Amino acid sequence: MTVSTPAPLETLSPETLSLTTETEFTPRRGRLIVFTGPSGVGKGTLLRALRHRYPALKLSVSATTRSPRPGEVNGQDYFFVSRDEFRAMVEQGELLEWAEFAGNLYGTPKTPVIKEIEAGQWVILEIELEGARQVRETFPHALQLFVLPPSLEELESRIRLRGKDADDAIARRLQRALVEIDAASEFDEQIVNDDLEVALQQLENAIFKD
Ligand SMILES: Nc1ncnc2c1ncn2[C@@H]1O[C@H](COP(=O)(O)OP(=O)(O)OP(=O)(O)O)[C@@H](O)[C@H]1O
Ligand SMILES: Nc1nc2c(ncn2[C@@H]2O[C@H](COP(=O)(O)O)[C@@H](O)[C@H]2O)c(=O)[nH]1
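Keep in mind it's a predicted model, so treat the numbers as computed, not measured.

Further remarks concern the sheet that holds strand E2 (residues 58-59). In any sheet, the strands associate via hydrogen bonds between backbone groups, in a parallel or an antiparallel arrangement. The strand order across the open sheet built from 5 strands is E2-E7-E1-E8-E9, with neighbouring strands paired in parallel fashion. Two strands close off the open sheet at either side, each with one partner strand: E2 and strand E9 (189-192). Here 5 bridges tie strand E1 (residues 31-36) to strand E7 (residues 122-126), and the two strands are oriented parallel to one another. Within E7, the position partnered with Val-34 by the bridge is Leu-125. Here helix H3 (residues 110-118) sits on the sheet and contacts E1, E2 and E7; the angle it forms with E7, its principal contact strand, is near 150 degrees. Set on the sheet, helix H4 (residues 129-138) makes contact with E1, E7 and strand E8 (143-148); between it and E1 the angle comes to about 155 degrees.

Okay, here's the thing in C-alpha coordinates:
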(Lines give C-alpha, C1' and ligand atoms only; values in the text may rest on other atoms or scores of the structure.)
(Ligands and ions follow the chains in the order given, each with its own letter.)
Protein backbone atom coordinates (compact mmCIF):
# COMPACT_ATOMS: atom_id res chain seq x y z
CA MET A 1 0.00 0.00 0.00
CA THR A 2 1.25 3.47 -0.73
CA VAL A 3 1.43 6.13 1.93
CA SER A 4 0.98 9.55 0.42
CA THR A 5 3.39 12.24 1.47
CA PRO A 6 1.65 14.82 3.63
CA ALA A 7 2.05 18.48 2.97
CA PRO A 8 4.79 20.00 5.09
CA LEU A 9 3.39 21.44 8.31
CA GLU A 10 4.30 25.01 7.43
CA THR A 11 2.00 24.89 4.40
CA LEU A 12 -0.93 24.02 6.65
CA SER A 13 -0.99 27.13 8.81
CA PRO A 14 -3.97 29.48 8.40
CA GLU A 15 -1.62 32.22 7.27
CA THR A 16 -0.50 30.26 4.22
CA LEU A 17 -3.94 29.19 3.08
CA SER A 18 -5.73 31.32 0.55
CA LEU A 19 -8.53 31.97 3.07
CA THR A 20 -6.53 34.47 5.00
CA THR A 21 -8.82 37.46 5.37
CA GLU A 22 -10.60 37.80 8.65
CA THR A 23 -14.30 37.86 7.92
CA GLU A 24 -16.75 39.92 9.90
CA PHE A 25 -19.46 37.66 11.11
CA THR A 26 -21.82 38.64 13.90
CA PRO A 27 -23.89 35.70 15.11
CA ARG A 28 -27.45 36.67 16.08
CA ARG A 29 -28.96 33.38 17.18
CA GLY A 30 -26.98 30.89 19.22
CA ARG A 31 -26.03 27.63 17.57
CA LEU A 32 -24.21 24.44 18.47
CA ILE A 33 -21.92 22.76 15.94
CA VAL A 34 -20.46 19.30 16.58
CA PHE A 35 -17.22 18.45 14.80
CA THR A 36 -16.22 14.80 14.89
CA GLY A 37 -13.81 12.52 13.07
CA PRO A 38 -11.02 10.08 13.85
CA SER A 39 -8.00 11.23 15.80
CA GLY A 40 -5.40 12.72 13.47
CA VAL A 41 -7.80 13.42 10.59
CA GLY A 42 -7.16 17.16 10.91
CA LYS A 43 -10.12 18.49 12.94
CA GLY A 44 -7.95 20.80 15.01
CA THR A 45 -6.07 22.02 11.93
CA LEU A 46 -9.33 22.77 10.09
CA LEU A 47 -10.85 24.55 13.09
CA ARG A 48 -7.75 26.69 13.62
CA ALA A 49 -7.95 27.83 10.00
CA LEU A 50 -11.73 28.39 10.21
CA ARG A 51 -11.46 30.44 13.40
CA HIS A 52 -8.59 32.41 11.94
CA ARG A 53 -11.04 33.58 9.33
CA TYR A 54 -14.08 33.77 11.65
CA PRO A 55 -12.79 34.79 15.07
CA ALA A 56 -16.38 35.21 16.31
CA LEU A 57 -16.86 31.43 16.25
CA LYS A 58 -16.38 29.97 19.75
CA LEU A 59 -14.57 26.71 20.43
CA SER A 60 -15.49 24.88 23.63
CA VAL A 61 -12.51 23.94 25.83
CA SER A 62 -12.89 20.35 27.05
CA ALA A 63 -11.77 18.72 30.26
CA THR A 64 -9.52 15.67 29.95
CA THR A 65 -7.54 13.26 32.10
CA ARG A 66 -4.95 12.95 29.29
CA SER A 67 -1.52 14.36 30.11
CA PRO A 68 -0.68 17.61 28.33
CA ARG A 69 1.37 17.24 25.15
CA PRO A 70 4.40 19.50 24.78
CA GLY A 71 3.15 23.02 24.08
CA GLU A 72 -0.43 22.44 25.25
CA VAL A 73 -1.70 25.07 27.69
CA ASN A 74 -4.10 24.34 30.54
CA GLY A 75 -7.37 26.25 30.09
CA GLN A 76 -6.59 26.94 26.44
CA ASP A 77 -6.15 23.54 24.76
CA TYR A 78 -7.88 21.58 27.53
CA PHE A 79 -8.59 21.72 31.22
CA PHE A 80 -6.19 18.99 32.37
CA VAL A 81 -7.71 17.26 35.39
CA SER A 82 -7.17 14.10 37.43
CA ARG A 83 -9.57 11.12 37.17
CA ASP A 84 -11.02 12.05 40.57
CA GLU A 85 -11.63 15.62 39.46
CA PHE A 86 -13.23 14.36 36.26
CA ARG A 87 -15.49 11.96 38.18
CA ALA A 88 -16.57 14.81 40.44
CA MET A 89 -17.49 16.89 37.38
CA VAL A 90 -19.61 14.00 36.08
CA GLU A 91 -21.31 13.44 39.44
CA GLN A 92 -22.09 17.13 39.83
CA GLY A 93 -23.68 17.24 36.37
CA GLU A 94 -21.10 19.73 35.09
CA LEU A 95 -20.55 18.04 31.73
CA LEU A 96 -22.73 18.34 28.66
CA GLU A 97 -21.32 15.03 27.42
CA TRP A 98 -18.33 12.86 28.19
CA ALA A 99 -16.64 9.69 27.00
CA GLU A 100 -13.58 7.53 27.40
CA PHE A 101 -11.28 7.63 24.38
CA ALA A 102 -8.05 5.64 23.97
CA GLY A 103 -7.70 5.23 27.73
CA ASN A 104 -8.48 8.81 28.78
CA LEU A 105 -11.64 10.66 29.77
CA TYR A 106 -12.86 13.69 27.84
CA GLY A 107 -15.87 15.93 28.48
CA THR A 108 -17.47 19.26 27.59
CA PRO A 109 -18.06 21.69 30.48
CA LYS A 110 -21.74 22.55 30.27
CA THR A 111 -22.04 26.06 31.73
CA PRO A 112 -19.79 28.00 29.31
CA VAL A 113 -21.43 26.37 26.28
CA ILE A 114 -24.97 27.12 27.47
CA LYS A 115 -24.05 30.71 28.38
CA GLU A 116 -22.46 31.35 24.99
CA ILE A 117 -25.39 29.88 23.06
CA GLU A 118 -27.83 31.93 25.15
CA ALA A 119 -25.75 35.00 24.35
CA GLY A 120 -26.24 34.26 20.64
CA GLN A 121 -22.80 32.79 19.95
CA TRP A 122 -22.01 29.90 17.62
CA VAL A 123 -20.17 27.27 19.63
CA ILE A 124 -18.13 24.40 18.16
CA LEU A 125 -17.51 21.14 20.03
CA GLU A 126 -14.56 19.13 18.71
CA ILE A 127 -15.44 15.75 20.20
CA GLU A 128 -15.33 12.01 19.50
CA LEU A 129 -18.22 9.78 18.41
CA GLU A 130 -19.79 8.75 21.74
CA GLY A 131 -19.91 12.36 22.91
CA ALA A 132 -21.43 13.43 19.59
CA ARG A 133 -24.15 10.82 20.04
CA GLN A 134 -24.94 12.18 23.51
CA VAL A 135 -25.18 15.72 22.17
CA ARG A 136 -27.55 14.48 19.44
CA GLU A 137 -29.95 13.45 22.22
CA THR A 138 -29.77 16.71 24.17
CA PHE A 139 -29.35 19.12 21.23
CA PRO A 140 -31.17 17.48 18.29
CA HIS A 141 -30.88 20.69 16.26
CA ALA A 142 -27.10 20.92 16.54
CA LEU A 143 -25.28 20.78 13.21
CA GLN A 144 -23.29 17.53 13.18
CA LEU A 145 -20.25 17.35 10.90
CA PHE A 146 -17.89 14.41 10.39
CA VAL A 147 -14.39 14.62 8.95
CA LEU A 148 -13.04 11.64 7.01
CA PRO A 149 -9.44 10.90 6.00
CA PRO A 150 -8.65 10.26 2.32
CA SER A 151 -7.45 6.77 3.38
CA LEU A 152 -6.52 4.83 6.51
CA GLU A 153 -2.87 4.87 5.42
CA GLU A 154 -2.92 8.66 5.25
CA LEU A 155 -4.63 8.83 8.66
CA GLU A 156 -1.90 6.71 10.23
CA SER A 157 0.78 8.73 8.53
CA ARG A 158 -0.73 11.98 9.90
CA ILE A 159 -0.91 10.68 13.47
CA ARG A 160 2.67 9.41 13.27
CA LEU A 161 4.04 12.55 11.65
CA ARG A 162 2.30 14.70 14.27
CA GLY A 163 4.70 12.97 16.62
CA LYS A 164 2.69 13.58 19.78
CA ASP A 165 1.47 10.11 20.72
CA ALA A 166 3.26 6.97 21.90
CA ASP A 167 3.01 3.82 19.75
CA ASP A 168 0.41 2.13 21.98
CA ALA A 169 -1.74 5.28 21.98
CA ILE A 170 -1.48 5.47 18.19
CA ALA A 171 -2.60 1.84 17.91
CA ARG A 172 -5.66 2.52 20.15
CA ARG A 173 -6.55 5.62 18.15
CA LEU A 174 -6.32 3.78 14.83
CA GLN A 175 -8.45 0.92 16.12
CA ARG A 176 -11.09 3.39 17.28
CA ALA A 177 -10.86 5.20 13.92
CA LEU A 178 -12.39 2.18 12.18
CA VAL A 179 -15.48 2.32 14.44
CA GLU A 180 -15.79 6.09 14.08
CA ILE A 181 -15.47 6.06 10.28
CA ASP A 182 -18.20 3.42 10.16
CA ALA A 183 -20.55 5.89 11.87
CA ALA A 184 -19.88 8.81 9.50
CA SER A 185 -23.30 8.52 7.83
CA GLU A 186 -25.03 9.34 11.15
CA PHE A 187 -23.84 12.93 10.70
CA ASP A 188 -25.48 15.74 8.73
CA GLU A 189 -22.45 16.17 6.46
CA GLN A 190 -19.21 14.36 5.74
CA ILE A 191 -16.07 16.28 4.78
CA VAL A 192 -13.04 14.48 3.36
CA ASN A 193 -9.88 16.22 4.55
CA ASP A 194 -7.56 15.46 1.65
CA ASP A 195 -6.61 18.84 0.29
CA LEU A 196 -6.85 21.16 3.30
CA GLU A 197 -8.14 24.17 1.38
CA VAL A 198 -10.90 22.15 -0.26
CA ALA A 199 -11.93 20.67 3.09
CA LEU A 200 -11.91 24.10 4.69
CA GLN A 201 -14.17 25.44 1.96
CA GLN A 202 -16.58 22.52 2.50
CA LEU A 203 -16.58 23.18 6.22
CA GLU A 204 -17.31 26.85 5.65
CA ASN A 205 -20.13 25.99 3.25
CA ALA A 206 -21.65 23.51 5.72
CA ILE A 207 -21.65 26.02 8.56
CA PHE A 208 -22.87 29.06 6.67
CA LYS A 209 -25.25 27.48 4.15
CA ASP A 210 -28.49 28.36 6.02
N1 LIG B 1 -5.26 18.11 4.70
C2 LIG B 1 -4.14 17.70 5.33
N3 LIG B 1 -3.12 17.19 4.63
C4 LIG B 1 -1.97 16.76 5.26
N5 LIG B 1 -1.77 16.81 6.61
C6 LIG B 1 -2.79 17.31 7.34
C7 LIG B 1 -4.01 17.78 6.76
N8 LIG B 1 -4.82 18.22 7.76
C9 LIG B 1 -4.13 18.04 8.91
N10 LIG B 1 -2.91 17.50 8.67
C11 LIG B 1 -1.88 17.14 9.65
O12 LIG B 1 -2.35 15.97 10.32
C13 LIG B 1 -1.93 15.97 11.69
C14 LIG B 1 -3.14 15.77 12.60
O15 LIG B 1 -3.95 16.92 12.52
P16 LIG B 1 -4.79 17.42 13.78
O17 LIG B 1 -3.95 17.42 15.00
O18 LIG B 1 -5.44 18.69 13.37
O19 LIG B 1 -5.85 16.23 13.89
P20 LIG B 1 -7.10 16.05 14.86
O21 LIG B 1 -8.18 15.45 14.07
O22 LIG B 1 -7.40 17.37 15.53
O23 LIG B 1 -6.52 15.03 15.92
P24 LIG B 1 -7.03 14.73 17.43
O25 LIG B 1 -8.46 14.36 17.33
O26 LIG B 1 -6.16 13.61 17.86
O27 LIG B 1 -6.81 15.98 18.22
C28 LIG B 1 -1.21 17.30 11.93
O29 LIG B 1 0.19 17.07 11.88
C30 LIG B 1 -1.65 18.17 10.75
O31 LIG B 1 -0.69 19.14 10.38
N1 LIG C 1 -16.48 13.14 23.83
C2 LIG C 1 -15.51 14.06 23.84
N3 LIG C 1 -14.43 13.91 23.05
C4 LIG C 1 -13.49 14.86 23.07
C5 LIG C 1 -13.58 15.99 23.88
N6 LIG C 1 -12.48 16.76 23.69
C7 LIG C 1 -11.74 16.14 22.77
N8 LIG C 1 -12.33 15.00 22.38
C9 LIG C 1 -11.88 14.02 21.38
O10 LIG C 1 -10.96 13.14 21.95
C11 LIG C 1 -10.12 12.60 20.93
C12 LIG C 1 -8.69 12.64 21.35
O13 LIG C 1 -8.23 13.96 21.52
P14 LIG C 1 -6.68 14.27 21.73
O15 LIG C 1 -6.60 15.76 21.98
O16 LIG C 1 -6.21 13.43 22.88
O17 LIG C 1 -5.99 13.88 20.45
C18 LIG C 1 -10.40 13.44 19.68
O19 LIG C 1 -11.26 12.68 18.82
C20 LIG C 1 -11.12 14.64 20.22
O21 LIG C 1 -12.00 15.20 19.27
C22 LIG C 1 -14.74 16.12 24.71
O23 LIG C 1 -14.93 17.09 25.45
N24 LIG C 1 -15.66 15.14 24.65
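Still to come is the rest of the account.
Below, the discussion takes up the site of ligand 2. Every one of the 16 residues lining ligand 2 counts as a neighbour, but Ser-62, Arg-66, Tyr-78, Tyr-106 and Glu-128 are closest to it. Separating an oxygen atom of ligand 2 from a side-chain N or O atom of Ser-62 is a distance of 2.6 Å. Here Arg-66 contributes a side-chain N or O atom positioned 2.6 Å from an oxygen atom of ligand 2. When isolated, ligand 2 has an accessible area of 510 Å², and the protein chains bury 96% of it. Going through the elements one at a time, strand E5 (95-101) and strand E6 (104-109) are the ones with two or more residues in the shell around ligand 2. Of the residues that constitute the shell around ligand 2, the class distribution is 5 nonpolar, 4 polar and 7 charged.

Attention shifts here to the site of ligand 1. Contacts to ligand 1 come from 17 residues, most closely from Ser-39, Lys-43, Gly-44, Thr-45 and Asn-193. A distance of 2.6 Å separates an oxygen atom of ligand 1 from a polar side-chain atom of Ser-39. Here a nitrogen atom of ligand 1 sits 2.8 Å away from a polar atom, N or O, in the side chain of Asn-193. Look at ligand 1: alone it shows 640 Å² of surface, and the protein chains cover 88% of it. Among the secondary structure elements, those contributing two or more residues to the shell around ligand 1 are helix H1 (43-53) and helix H5 (152-162). Partitioning the shell around ligand 1 into residue classes produces 5 nonpolar, 6 polar and 6 charged.

According to UniProt, the feature "domain: Guanylate kinase-like" (unreviewed entry) maps to residues 30-208 in the numbering used here. From the first C-alpha to the last, residues 30-208 spans 13 Å; its make-up is 44% helix and 22% strand.

The terminal C-alpha atoms of helix H6 (residues 167-182), which comprises 16 residues, lie 23 Å apart, in line with the 22 Å expected from a rise of 1.5 Å per residue. Every buried residue of H6 is accounted for by Ala-169, Ile-170, Arg-173, Leu-174, Ala-177 and Glu-180. Here the buried face of H6 lies against E5, E6, H4, E8 and H5.

This part covers the packing of H5 against H6. Following both chains from N to C, one finds H5 and H6 inclined at 145 degrees, their axes separated by 11 Å at the closest point. By crossing handedness, the relation of H5 to H6 is classed as right-handed. Counting all contacts with H5, which are made through Leu-152, Leu-155, Glu-156, Ile-159, Arg-160 and Arg-162, the residues of H6 involved are Asp-167, Ile-170, Arg-173, Leu-174, Ala-177, Leu-178 and Ile-181. Looking at the contact of H5 with H6 residue by residue, the class counts come to 8 nonpolar, no polar and 5 charged.

Rules used in this analysis
- Residues numbered from 1 in each chain as written.
- Chains lettered and ligands numbered in written order.
- Predicted model: local features only at pLDDT ≥ 70, side-chain atom pairs only at ≥ 80, totals over all residues.
- Heavy atoms only, no water.
- Pairing = 2+ DSSP bridges.
- Helix = DSSP H or I, 4+ residues; strand = E, 2+ residues; numbered from the N terminus.
- Contact = heavy atoms within 4.5 Å.
- Axes fitted to C-alpha atoms, helices over the stretch in contact; angles between N-to-C directions.
- Near = heavy atom within 4 Å.
- Polar contact = N/O pair within 3.5 Å; in protein donor to acceptor, adjacent residues only side chain to side chain.
- Areas by Shrake-Rupley, 256 points an atom, 1.4 Å probe, with all protein chains shown as cover.
- Nonpolar A, V, L, I, M, F, W, Y, C, P; charged D, E, K, R; others polar.
- UniProt positions renumbered as here; feature names shortened; annotations may be inferred.
- Expected span 1.5 Å × (residues − 1).
- Buried < 20%, exposed > 50% of the residue type's maximum accessible area, 1.4 Å probe, protein only.
- Left-handed = near helix turned anticlockwise from the far one by under 90°.

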